[in-house]
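Structure assessment
Below, each chain spelled out in residue letters.
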Amino acid sequence: MPKGSTTPWSYILVRLLFKFVLKIFYGTIVVENADLIPKTGQPCIVCANHSNSLTDALLMVTSMPSRTRNMLRLTAKSTQFGHRTFTSWLIESAGTVPIKRRKDYNNNEVDNSQTMDKLMDALELGDAVCLFPEGGSRYHPTIAPLKTGVARIVSDVLSRNRDDPNFSISILTCSVTYMHRQHFRSDVLVTFNPPMTFTPKDNPELLAPVQYDEIRALTARMHQQISSRTIDSPSWEFVRSAKMATRIYAPLGTRMSLGDYVRITRTFVEAFKASDDTQKSKRAAEDQSIDFTREDIEFNQLRHDLKHYQDRLVYWGIKDDRIARPLSLRTITMRMIIRLTWFICLFTISLPGLVLWTPRTGPIWDTFDEIAQYKLVYGLFSGLSVWATCILFTLPSAAITTFLVPAMMWMTLRWTEDAVSAFRAFVALARLLCVGKKTLNEIRVTRRDLHSRLMKLAVGTLGLPDDPEKFFVERGGKQKGRVRSTWDSGAKYFSVRRRRKRDWNETLRLYDQVDYPEED
């Protein structure tokens, strides 16, 4: 069995640096099924959906345990090589292989034969290679049709080793779900799917000369695996309505892991897709009578009603849990005082540390698919600069400053998160007072109707648990971070893995992120 390539020091440095940076930028990164990753020495192609440019590659590198795979050989568009920039150095020094794309060369023919040879040589050494079969990064809720390059590489490698009965190669698909890919302290789910393993003996249909139908069939299997563990939607409107459905089905405060949250949201998206596609196809058959099923009509009406309900909440600036759990005027007033007091205390103790975070507030321009990438690189450089500057200005006590400054910045981030959350809660409570009693009652009636219809369809048609709060408590949901004991609460406050937030949709902002880009 091959042993794999030696890990270059630059790759180890990149993995350590960006593992730290990613944990700072994103509030929670949950990795599921890491035990399915083939070990070093087993040729493996890692494939994932691609919506966040270089950040996706860094996420793949940091999500794979080093004890399982010593390195993941990356690929990147050739236009990112050969520049005197940190990003270019980062890509080249980590052993990344350049791939030419036609759209970068005026749609002319490009020659990637040398690149393919390098990738196949690496696979035969027992390395893992990371490819994004969508062909390019795109911020869209739908996974693009996959290119057939991965299936072709598998076929070529198997053909080159057809005389070796012990040779095998695996495709490990990975589903990546960003709650809000470019927002500070949002959350990410990385789910590895069961690997597909191929050998010359068991898969003669992939040996040269191979039928193109076999290549397409393998590509379709990859697409199905990737889309089955993430939110694959035809439009942002479906995602928005599905997340609203998840909030109503599993109320705020439910001990639900990020993986469960994504799977429930995906279930609603798939239901909305199925009913919508069914109606479209039936409308297209104008020469036949249109016969809608009851579930089609109910799901489509529910989706539209959820959208209108969400629009109304956004208009008034209130959250669903304030409608689901009505509060008396006295309770609202008391909570506003508590939240405002807590915000003032936390913000006050955060002020000294916020000075250290100030250089890390940019960049602010929208660079589309590369916005998170630029924020990560800028944050890394500015953070290291602040740290080095503090050490230089405190040279007599540099041994203390070296550890004190990062600790202070970390606790400042913790306090700021809680301060923002407290102020957001204060504003939400204040807005409740601005909404008339009549309007609140109307919204509550609408919510009760939606909840009744939603539970009926969720349990009766989709087969979801009828008591989600009890179900998810029994399943665990440890990543939620809602700790039970006083000791656990105190200890986890300082933990890198601690999660105070109650809602997986939150970011470090003074408002809830519930809207998405306009549809094209």
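Just above, that's the structure.
Residues numbered from 1 in each chain as written. Predicted model: local features only at pLDDT ≥ 70, side-chain atom pairs only at ≥ 80, totals over all residues. Heavy atoms only, no water.

**Quick notes on the pairing of strand β7 (residues 169–178)**
Buried residues dominate β7, accounting for 10 of its 10 residues. By the alternation rule, side chains of β7 split into Ile 169, Ile 171, Thr 173, Ser 175 and Thr 177 and Ser 170, Leu 172, Cys 174, Val 176 and Tyr 178, which are all buried. As judged from the five bridges shared by strand β2 (residues 44–48) and β7, these two strands associate in the parallel manner. Within the sheet, the bridge partner assigned to Val 46 lies in β7 and is Leu 172. Inspection of the sheet shows β7 paired to strand β9 (residues 196–198) by three bridges, in the antiparallel sense. Residue Ile 169 lies in a different strand from β9, and its bridge partner there is Phe 198. With five bridges joining them, β7 and strand β8 (residues 187–192) adopt antiparallel strand pairing. Counted as the bridge partner of Ser 175 is Thr 191 from β8. (Buried < 20%, exposed > 50% of the residue type's maximum accessible area, 1.4 Å probe, protein only. Helix = DSSP H or I, 4+ residues; strand = E, 2+ residues; numbered from the N terminus. Pairing = 2+ DSSP bridges.)

**With respect to the environment of Arg 216**
With respect to the helices and strands, the residue Arg 216 is situated in helix α6 (residues 212–227). For Arg 216 and Ala 151, which are 65 residues apart along the polypeptide, the C-alpha to C-alpha distance reads 7.9 Å. Polar contacts involving the side chain of Arg 216 include one to the side chain of Asp 213, which spans 2.4 Å. (Polar contact = N/O pair within 3.5 Å; in protein donor to acceptor, adjacent residues only side chain to side chain.)

**A look at the packing of helix α1 (residues 9–25) against helix α2 (residues 53–63)**
Axis separation between α1 and α2 bottoms out at 9 Å; the angle between their running directions is 105 degrees. With respect to α2, the axis of α1 lies roughly perpendicular. Two secondary-structure elements touch here, α1 through Tyr 11, Val 14, Arg 15, Phe 18, Lys 19 and Leu 22 and α2 through Thr 55, Leu 58, Leu 59, Val 61 and Thr 62. Considered class by class, the residues forming the contact of α1 with α2 number seven nonpolar, two polar and two charged. (Axes fitted to C-alpha atoms, helices over the stretch in contact; angles between N-to-C directions. Parallel < 35°, antiparallel > 145°, perpendicular 65-115°, else oblique. Contact = heavy atoms within 4.5 Å. Nonpolar A, V, L, I, M, F, W, Y, C, P; charged D, E, K, R; others polar.)

**Observations regarding unusual backbone geometry**
In this structure, Pro 209 follows Ala 208 across a cis peptide bond, with omega equal to 0 degrees. Tracing the chain through its elements places Pro 209 in the loop between β9 and α6. The phi torsion at Asn 33 lies on the positive side, around 65 degrees, for a residue other than glycine. Note on placement: Asn 33 falls in the loop between β1 (28–32) and β2. With phi around 70 degrees, Arg 185 is a residue other than glycine that occupies positive phi space. Among the secondary structure elements, Arg 185 is positioned in the loop between β7 and β8. The class of Arg 185 is buried, set by a relative accessible area of 1%.

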